[in-house]
Amino acid sequence: MSQFWKPGTEKPRILEDEEGGVVYLSHSLSSSSSSSSSSRYGYASIENQRQRLPVYKYRSAILYLVESHATSIIVGETGSGKTTQIPQYLKEAGWADGGRLIACTQPRRLAVQAVSSRVAEEMGVKLGEEVGYRIRFEDVTTPDVTRIKFLTDGVLLREMMDDPLLTKYSVIMVDEAHERSISTDMLLGLLKKIQRCRPELRLIISSATIEVKTMAAFFQPSKRRRRLEGDELGPKMDPAILSVEGRGFNVQIHYVEDPVSDYVRAAVSTVMLINDKEPAGDVLVFLTGEDDIDAAVKMLTEEAQNIKKSSSGLVILPLYSGLPRADQELVFSPTPRGKRKIVISTNIAETSLTLEGVVYVVDSGFSKQRFYNPISDLENLIVAPISKASARQRAGRAGRVRPGKCYRLYTEDYFAKEMSVEGIPEMQRSNLVSCVIQLKALGIDNILGFDWPASPSPEAMVRALEVLYSLGVLDDDAKLTSPVGFQIAEIPLEPMVSKMILSSNELACSEEIITIAAILSVQSIWASGRGAQKELDEAKLRFAAAEGDHVTFLNVYKGFLQSGKSSKWCYTNCVNYHAMKKAIEVRGQLRRIAQRLGIVLKSCERDMQVVRKAVTSGFFANACQLEAYSHGGMYKTIRGSQEVYIHPSSVLFRVNPKWIIYHSLVSTDRQYMRNVISIDPSWLIEAAPHFYKQRHNPVLH
Ligand SMILES: Nc1ncnc2c1ncn2[C@@H]1O[C@H](COP(=O)(O)OP(=O)(O)OP(=O)(O)O)[C@@H](O)[C@H]1O
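Residues numbered from 1 in each chain as written. Predicted model: local features only at pLDDT ≥ 70, side-chain atom pairs only at ≥ 80, totals over all residues.

1. Quick notes on the overall build of the protein chain
Within the protein chain, the regular secondary structure consists of 26 helices and 23 strands. Considering the protein chain as a whole, with its 701 residues, one finds that 48% of them fall into the buried category. For the protein chain, the share of sequence-separated contacts (at least 6 apart) that also reach a separation of at least 24 residues comes to 72%. (Helix = DSSP H or I, 4+ residues; strand = E, 2+ residues; numbered from the N terminus. Buried ≥ 20, exposed ≤ 12 C-beta atoms within 10 Å, placed from the backbone. Contact = placed C-beta atoms within 7 Å.)

Right, dumping it as structure tokens:
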């Protein structure tokens, strides 16, 4: 592995400036130790660029290993060419002949789209023909024509429902396997199973930062199996390991000297200093979520206005999953001459992406991560420190087409001594409802005995089985019910949302429920980043419904449509225009799914009781009862008796209905419920009699 940072060279120091802001000393920023000449940038033909990538020297070795081993684990620095080149080498070597397909999976949709268009460009073909991609709700491939297919690991899992052995694929490359998302882990377990029936299927597990030993141990065949296969001709079942040495361009790593207390402010100061002292080049900043990002955009815009002369050339772009597609794609557009693009992103840009102009990366050291406690049955999104693997991936977004620099907003000591090597696999810190339903749909009955790369907790499994049983998805034998279980398994959404949509059919309110589901899928439709809380509270009052946030969303949606989807209307009403556009995009996709399932699209007009009943039928597990009026209203979850509070952003904050259902929790000083709706407790028994058995919950009677 190459060393990013050599102590004693260009280490920057962070000092407090007179106003108390954080600044980097300029001498650190102006030093340079590029290992490659920047003249390489921009002039080489695509073919030359391909041949200069470190992975090119390993072309024959990779093809040999894939030929001779069922599984190959390939590790190489970020930017060395794994994702874009290996699928092309495989195609050139004939792995896509005879109508077969080469798949390359990615954990994120944005990466799927970006790498597939790069590979299509390198091959000189139209995207969607020989090279295509598939993400949830979008298939850009052509049957019998597409030979290389990029797709999210979640979509490949869904393809298994129709084709359990994935027979059309000759090679499946599971890229960025270090991310250990639930889908990646499920995929690894299932692919290992498939290989037993299809030894001709080749797997490539690739990443810049994977723990090779763990992965190799997982794919090691058992002694018994090795004996059985001993004499057969065919690929070796022992996994092969290849380390691709070398990296594209050097990335200097800079650390802060002392820990920073406010990483958003520190990130903004760092960007301003880069802009002031450093030569041309775009900046990619990693923060944790929409709130941080909006705050940073606002601060940067103000800073840029204050120092007009030097900063008038900043193009500031947020990037997070809740943004509409067109806005996300702006980050790939060429930076106008004389300008500097500042992309402020969540970890959506952490792996696989090449943003061509990016020379500087600013890493806050944090990301939002899901944590689930099976005992209390509470799942939270928490801002938590990232792992070394993530930090290296973030740094690797620089140095892809020319030398770069990465500014870490944490100390070198912290990186070396305190940061964990890898994150905890998502499987071990998430609610497993979606995972269990998918495995059931694939016919895996013994879920506890499934061969996982990292075992989930039995408590979390039992909790998930229990919720699925109560949703009517599983029967007494823990098999999928017909038709509800099969229908819910087929909808590519969280089972609770899918159930809510299915119930809306019977309750004749599918149009409203689909709108609610779409709005809940974007982070927040309120423009909270603008700062004027009073203005926002007044705007909310204009739409607020006594029933709660879900019904309030319907009022906002109606207003937005009546305004002709106007951005001005959004501004006046403190509504986030991007979020509304995204919600409309998702709504269209959900309507298509609903129609495919035979759901009649129907509006209940003003009858909000049926809307609340439909929400209850999906989210009954999140029901709470008011316990005390202290602290703006203290509630307890009905199942786990956990203390929870209505989030101040909810229209029901301080209204405190006796019985409510929440959509999600955020944890700060307390557990806060976001997006809350009032219910009648008798609906809980109707929706989930097993879940709310009388002996456990006498309060319901
Ligand atoms: N859209 C693009 N524009 C310009 N160059 C690109 C683009 N995509 C990729 N490249 C070039 O190809 C190189 C290899 O990219 P690739 O994604 O294959 O690397 P990788 O080893 O998979 O990296 P990572 O581990 O970060 O995903 C990049 O470093 C860059 O030089």
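Additional details are given in the paragraphs that follow.
2. Examining the packing of helix 16 (residues 433-441) against helix 17 (residues 458-470)
Viewed as axis vectors pointing N to C, helix 16 and helix 17 meet at an angle of 75°, and their least axial separation amounts to 9 Å. Here helix 16 is positioned roughly perpendicular relative to helix 17, judged by the angle of their axes. Side by side, helix 16 and helix 17 meet where Val-433, Val-436 and Ile-437 of the first sit next to Met-461, Ala-464, Leu-465, Val-467 and Leu-468 of the second. Split into classes, the residues belonging to the contact of helix 16 with helix 17 amount to 8 nonpolar, no polar and no charged. (Axes fitted to C-alpha atoms, helices over the stretch in contact; angles between N-to-C directions. Parallel < 35°, antiparallel > 145°, perpendicular 65-115°, else oblique. Nonpolar A, V, L, I, M, F, W, Y, C, P; charged D, E, K, R; others polar.)

3. Quick word on the domain arrangement of the protein chain
By the assigned domains, the protein chain splits into domain 1 (2-51), domain 2 (53-244), domain 3 (251-426) and domain 4 (491-687). Contacts between domain 1 and domain 2 engage 4 residues on the former and 5 residues on the latter. Looking at side-chain class alone, the side of domain 1 that touches domain 2 contains 1 nonpolar, 2 polar and 1 charged residues. (Domains from an automatic or database assignment.)

4. A closer look at the sheet that holds strand 9 (residues 202-207)
Here 8 strands make up an open sheet; going across it, the order is 6-5-7-4-8-9-3-10 and the pairing mixed. Looking along the sheet, the strands with just one partner apiece sit at the ends: strand 6 (138-140) and strand 10 (240-244). For this sheet, the mean inter-axis angle between neighbouring strands, taken without regard to orientation, is 20°. Strand direction decides the pairing type here: strand 5 (residues 131-135) and strand 6, joined by 3 bridges, are antiparallel. (Pairing = 2+ DSSP bridges.)

5. Re helix 22 (residues 549-562)
With 14 residues, helix 22 should reach 20 Å at 1.5 Å per residue; the first-to-last C-alpha distance of 20 Å fits that figure. Among the residues of helix 22, those classed as buried are Asp-549, His-550, Val-551, Thr-552, Phe-553, Leu-554, Val-556, Tyr-557 and Phe-560. Those residues of helix 22 hidden inside the fold are in contact with helix 20 (510-521), helix 21 (533-543), helix 23 (567-572), helix 24 (577-596), helix 25 (608-619) and strand 23 (671-678). Remark: Gly-564 follows helix 22 within two positions and exhibits a positive phi of approximately 75°. (Expected span 1.5 Å × (residues − 1).)

6. Let's talk about the site of the ligand
Surrounding the ligand, one finds 21 residues, the nearest of these being Thr-78, Gly-79, Thr-83, Thr-84 and Thr-354. Listed by contribution, the elements that provide at least two residues to the shell around the ligand are helix 4 (82-92) and helix 5 (109-123). Top element by residues in the shell around the ligand is helix 4. It accounts for 4 residues. Grouping the amino acids of the shell around the ligand by side-chain chemistry returns 4 nonpolar, 13 polar and 4 charged. Split by domain, the residues of the shell around the ligand number at least three in each of domain 2 (53-244) and domain 3 (251-426). (Near = placed C-beta within 6 Å.)

7. Let's talk about the sheet that holds strand 14 (residues 340-345)
Taken in spatial order, the 6 strands line up as 11-18-15-12-14-13 in an open sheet, and their pairing is parallel. Only two strands of the sheet have a single partner each, and these edge strands are strand 11 (251-255) and strand 13 (314-319). Neighbour-to-neighbour, the strand axes of this sheet turn through a mean angle of 15°, independent of strand direction. Taken together, the 4 bridges between strand 15 (residues 358-363) and strand 18 (residues 404-408) define a ladder with parallel strand orientation.

8. A short note on the packing of helix 6 (residues 153-162) against helix 7 (residues 182-197)
How two helices sit against one another is set out by the angle between their axes and by the gap between those axes. Across the interface, helix 6 lies against helix 7 with an axial gap of 8 Å and an inter-helix angle of 45°. If you check the angle between helix 6 and helix 7, you find them oblique. Handedness of the crossing formed by helix 6 with helix 7: left-handed. Where helix 6 approaches helix 7, its residues Asp-153, Gly-154, Leu-156, Leu-157 and Met-160 are matched on the opposing element by Ser-183, Thr-184, Met-186, Leu-187 and Leu-190. Classifying every residue of the contact of helix 6 with helix 7 by side-chain character gives 6 nonpolar, 3 polar and 1 charged. (Left-handed = near helix turned anticlockwise from the far one by under 90°.)

9. Focus on the environment of Leu-287
With respect to the helices and strands, the residue Leu-287 is situated in the loop between strand 12 (282-286) and helix 11 (290-306). In this structure, Leu-287 is in contact with Val-264, Ala-267, Asp-292, Ile-293, Ala-296, Ile-344, Thr-346 and Ser-364, ignoring residues within four places of it in sequence.

10. As for the pairing of strand 21 (residues 643-646)
Pairing analysis gives 3 bridges linking strand 20 (residues 634-637) to strand 21, with the strands arranged antiparallel. Along strand 21, the bridge assignment pairs Lys-636 with Glu-643. The antiparallel pairing of strand 20 with strand 21 creates a hairpin that spans 5 residues between the two strands, and Ser-641 there sits at a positive phi of about 55°. Relative to strand 23, strand 21 runs parallel, the two sharing 2 bridges. Looking at the pairing, Ile-646 lines up with Met-673 of strand 23.

11. What to know about unusual backbone geometry
Of note, the bond from Ser-482 into Pro-483 is cis; its omega dihedral lies within 30 degrees of zero at 0°. Note that Pro-483 resides in the loop between helix 17 and helix 18 (484-490). Even without glycine at this site, Glu-176 takes up a positive phi of about 55°. Inspection of the secondary structure assignment puts Glu-176 in the loop between strand 8 (169-175) and helix 7. You can call Glu-176 buried: it has 26 C-beta atoms within 10 Å. Located in the positive-phi region is Ala-508, a residue other than glycine, with phi close to 55°. On the secondary structure map, Ala-508 appears in the loop between helix 19 (495-506) and helix 20.

12. Digging into the environment of Asn-275
With respect to the helices and strands, the residue Asn-275 is situated in helix 10 (residues 263-277). Taking the C-alpha atoms as reference points, Asn-275 and Lys-193, separated by 82 residues in sequence, lie 52 Å from one another.

13. Remarks on the confidence of the model for the protein chain
Low pLDDT means the predicted atomic positions in that stretch should not be read closely. Chain-level statistics for the protein chain give a pLDDT mean of 87 and a share of 89% at 70 or above. For the stretch residues 1-43, pLDDT sits under 50, and the model shows 62 contacts to residues farther than four places along the chain or on other chains. Among the scores for the predicted complex, ipTM is 0.98 and pTM is 0.83. (pLDDT = per-residue confidence, 0-100.)

14. Some details on the environment of Leu-353
Mapped onto the elements of the fold, Leu-353 is located in the loop between strand 14 and strand 15. In this structure Leu-353 comes out as buried when scored by C-beta crowding, with 26 C-beta atoms within 10 Å. For the pair Leu-353 and Val-271, spaced 82 residues apart in sequence, the C-alpha separation works out to 20 Å. Residue contacts for Leu-353: discarding those within four places in its chain leaves Leu-110, Ala-111, Ala-114 and Arg-397.

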